[in-house]
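Structure assessment
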Amino acid sequence: MREPLFSASFCIIARQGHPLAQATSLDELREAKWLLPETDMGYYQQLRAVLGTFYQQLSRSPIRSDSVTCGLNMVLEADYLTIVARAMSAPFHLQHRLVTLPIDTLPQAQYCVLYSQKSPLTVTARRFLDLLRAHCLRYPW
């Protein structure tokens, strides 16, 4: 079973003072250095499907990594751009060192709970899911 919890926008982040920090379209970012999230699961597959054409038009091959730490270091120290779920746009108390680019044409990630149809949820698990859903509705994703 798949039960949606919430949707969250993606955003592009850069270091404070990055030369492209005021870009308002993806077209302005084709010459940038990119670090792209790489994983075979989750919402990054959806992102790759939606932005695949853009990725192919980049002037230089992006670096791909599944490491958040590597990505943040590349953004902060080597002028790379990366794309993250908006909820992760200021990780690890780095909001004073990172900026979100003002681009609003990015897709949204849908977060869901998955569980087997073969085994119905217990009363406790259903209650937990209800509480989780209620908290997700209150958070400004």
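Structural notes, computed from the coordinates.

What counts, and at which threshold
- Residues numbered from 1 in each chain as written.
- Predicted model: local features only at pLDDT ≥ 70, side-chain atom pairs only at ≥ 80, totals over all residues.
- Heavy atoms only, no water.
- Core = buried A, V, L, I, M, F, W, Y, C linked by side-chain atoms within 4.5 Å.
- Buried < 20%, exposed > 50% of the residue type's maximum accessible area, 1.4 Å probe, protein only.
- Helix = DSSP H or I, 4+ residues; strand = E, 2+ residues; numbered from the N terminus.
- Contact = heavy atoms within 4.5 Å.
- 1 Å grid on protein atoms, 1.4 Å probe; cavity = no way out; pocket = protein on both sides within 12 Å on 5 of 7 lines; lining within 4 Å.
- Points joined across faces, edges and corners; volume = space filled by probe spheres on them.
- Nonpolar A, V, L, I, M, F, W, Y, C, P; charged D, E, K, R; others polar.

With that settled, consider the nonpolar core. One finds I12, L29, W34, I83, L101 and L106 to be the most contacted residues of the largest nonpolar core, which totals 23 residues. Counting only elements with at least two residues in this core, the list comes to β1 (2-15), β2 (33-37), α1 (44-56) and β4 (80-85). Broken down by element, this core gets its largest block of residues, five residues, from α1. Once residues lying within four places of it in the same chain are set aside, the contact partners of I83 are F10, C11, I12, W34, L35, L36, P37, Y44, L47, L51, Y55 and L106. Counting eight residues, the second largest nonpolar core, distinct from the first, contains C11, I13, V75 and L98.

Moving on to empty space enclosed by the protein. In the structure shown here, the tally under the stated rule is one cavity of 30 Å³ or more. When its volume is computed, the largest cavity comes out at roughly 40 Å³. Lining the largest cavity, in full, are P37, Y44, L47, R48, Y55, R64 and I83. The biggest single contributor to the lining of the largest cavity is α1, with four residues. The residue inventory of the lining of the largest cavity, partitioned by class, reads five nonpolar, no polar and two charged.

Limitation: the analysis is restricted to geometry and does not speak to function.
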